[in-house]
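# Commentary on secondary and tertiary structure
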Amino acid sequence: MAKKNLTTFQCQSCGYQSPKLLGRCPNCQAWGTFEELAPSPLPTAAGGAYGGIRGGKITRLTEVSRREEPRTPTGLSELDRVLGGGLVAGSVTLIGGEPGIGKSTLLLQVAECLAQGGNNVIYVAGEESLEQIRLRADRLGVKGDFMMTRDTRADHIGGLLDEHKPKLCIVDSIQTVQVSEDGTPGSISQVREATAALTRYAKETGASVVLVGHVTKDGTVAGPKVMEHIVDATVFLESVGQFRLLRSVKNRFGQAGELGVFEMRSEGLVAVENPSAAFLAERPIGAPGSVIAATVDGHRPLLLEVQALASKTPYPNPRRVVVGLDPKRVDVIIAVLEKRFNLTLSGLDIFVNLAGGIRINDPGLDLAVALAIYSAVVSKAVPEKVAVFGEVGLAGEVRTVQQAIRRAEEAIRAGYDQLLCPAGVQGSMFAVRDIQSAMTSLWSLKS
């Protein structure tokens, strides 16, 4: 019996597929987003199960030549750090972020830097008029000259890449690119096909393509799975106080998890060369409950301030408020302090905050949290030039953490020459094996 094509319905918000039409998507909970997918033709029976189709060309691994992918610096040091050294020829990078966070501003600055270096740059403006882009360029003081177009048809963009051979092509945004006339721009099928088409054009022409992706109400790029599997690199731009953090989620040409720090100014996004000093600029000196922690965000070491406050509770059940850290890890540390050191916390409201608005889930912050809570409870300030890191176990022991050497080097570079860290760290200044020894060593140091 011949097989029949089965009808499939797909959610245009997240890409979830169902054999029947649903009013609400069970994956993203969106209403009225299902559309019918055109069934793909089944192979004919002539010539075997695959219709007589012959396989493609086979190449052995030993026959493939070795070559380094050429990179082009973007002119922004923090962006180059996140990308692994710059833009790779023929690569496709997806940048996501909330509306108005600075994605277009960042890419306009990159376009200017490359254009001033004598490179061809094409800016595909799918959402703004060319006059709007000119106004933003005037506000930012952009001097470089690059090509712009409002044509968002994928095949026409491919034709421009083949004709002008640009070093960089910026598509703002991928949700405005159209592949077929009967499709709706922004739908999940159009986004997938447009990303695949632009990726193919980038590989064929050697141009570096950067795609701007919208975010959904959940903070993820619309159609994330159908796009992130196709592109070579995915980065997200997020706001933390006065800073903008650029994180790499995926990078085929470098390390994923890299972090870049920018500051939004009138001239655009400016790279912050010393994020540790920037985050600690407003630290109160001599305040109980304030501890400097050497942490790692992705692969970048940072110095951040852990703050704690303890006050008598008016409620039957004391409150535990945690901002920027993992609340479960803070609960464990509080339990260890109560059990192992007989510290009475049952009648106190405890507030723990990672200053600066940044959020990090790092076990190496445990020791800083424990010392900050103790300092807040006993109202005893921590010496000024002391930094700590280490994971706290249930027995009160202090364990070593990943990238301990890089944490120590960042602390010393920032001027925190008195470092409390686990005993297993090579060359540690003040090695501690448990919280008790950490407390003893901490208040024996000179401010």
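Provided above is the structure to which this section pertains.
All of the points below concern the structure found in this document. (Residues numbered from 1 in each chain as written. Predicted model: local features only at pLDDT ≥ 70, side-chain atom pairs only at ≥ 80, totals over all residues. Heavy atoms only, no water.)

## Points about the overall build of the protein chain
- When its secondary structure is counted, the protein chain shows eleven helices and 23 strands.
- Taking all 447 residues of the protein chain together, the buried fraction comes to 47%.
- Pairs at least 24 apart in sequence give 66% of the contacts found in the protein chain among residues at least 6 apart.
- Total accessible area computed for the protein chain in this model is approximately 22500 Å², and 50% of it derives from carbon and sulfur atoms.
- For the protein chain, the distance from the average site of its 48 positive side-chain charges to the average site of its 47 negative ones is 5 Å. (Helix = DSSP H or I, 4+ residues; strand = E, 2+ residues; numbered from the N terminus. Buried < 20%, exposed > 50% of the residue type's maximum accessible area, 1.4 Å probe, protein only. Contact = heavy atoms within 4.5 Å. Areas by Shrake-Rupley, 256 points an atom, 1.4 Å probe, with all protein chains shown as cover. Lys, Arg positive; Asp, Glu negative; His and termini not counted. Charge placed at Lys NZ, Arg CZ, Asp CG, Glu CD.)

## Structural notes on empty space enclosed by the protein
- Using the criterion set out here, one finds three cavities of 30 Å³ or more in the structure.
- Empty space within the largest cavity amounts to approximately 100 Å³.
- In terms of lining, the largest cavity is formed by Thr74, Leu79, Leu83, Leu87, Thr93, Ile95, Leu106, Leu107, Val110, Leu168, Val210 and Val235.
- The set of elements that each furnish at least two residues to the lining of the largest cavity consists of helix H1 (77–83), strand S6 (92–97) and helix H2 (103–116).
- When residues of the lining of the largest cavity are assigned to their parent elements, the largest contribution, three residues, is made by H2.
- By residue class, the composition of the lining of the largest cavity is ten nonpolar, two polar and no charged. (1 Å grid on protein atoms, 1.4 Å probe; cavity = no way out; pocket = protein on both sides within 12 Å on 5 of 7 lines; lining within 4 Å. Points joined across faces, edges and corners; volume = space filled by probe spheres on them. Nonpolar A, V, L, I, M, F, W, Y, C, P; charged D, E, K, R; others polar.)

## Here's the deal with helix H10 (residues 404–413)
- Listing the buried residues of H10 in full gives Ala404, Arg407, Ala408, Glu410 and Ala411. One side of H10 carries all its buried residues, which in axial view fall inside an arc of 160 degrees.
- Where H10 is buried, its residues touch helix H7 (275–279), strand S15 (290–297), strand S16 (300–312), strand S19 (386–388) and strand S22 (418–422).
- Positioned one or two residues after H10, Gly415 has a phi angle of 95 degrees, which is positive. (Arc of directions from axis to C-beta.)

## Here we look at helix H5 (residues 188–205)
- Spanning 18 residues, H5 covers 26 Å between terminal C-alpha atoms, matching the ideal 26 Å at 1.5 Å per step.
- Among the residues of H5, Ile188, Ser189, Gln190, Val191, Ala194, Thr195, Ala197, Leu198, Thr199, Tyr201, Ala202 and Thr205 are the ones counted as buried.
- In the segment just after H5, Gly206 is the residue with positive phi, at about 80 degrees. (Expected span 1.5 Å × (residues − 1).)

## Describing the sheet that holds strand S7 (residues 121–125)
- Within the open sheet, the nine strands sit side by side as S8-S7-S9-S10-S6-S11-S12-S13-S14. Their pairing is mixed. A single partner strand is all that each edge strand has here, and the edge strands are strand S8 (147–149) and strand S14 (268–271). Strand-to-strand twist across the sheet, computed as the mean angle between neighbouring axes with direction ignored, equals 25 degrees.
- Bridging between strand S11 (residues 233–240) and strand S12 (residues 243–251) involves eight bridges; their strand directions are antiparallel. Of the residues in S12, the one forming a bridge with Val240 is Phe243.
- Contacts from helix H4 (residues 154–164) reach S7, S8, strand S9 (168–172) and strand S10 (208–213), with the element oriented near 165 degrees to S7. (Pairing = 2+ DSSP bridges. Axes fitted to C-alpha atoms, helices over the stretch in contact; angles between N-to-C directions.)

## Here's the deal with the sheet that holds strand S1 (residues 8–11)
- In space, the three strands of this open sheet follow the order S2-S1-S3, with antiparallel pairing throughout. Two strands bound the open sheet, and with one partner strand each, they are strand S2 (17–18) and strand S3 (34–37).
- In this sheet, S3 lies alongside S1 in antiparallel orientation, the contact comprising four bridges. The partner of Gln10 across the bridge, within S3, is Glu35.

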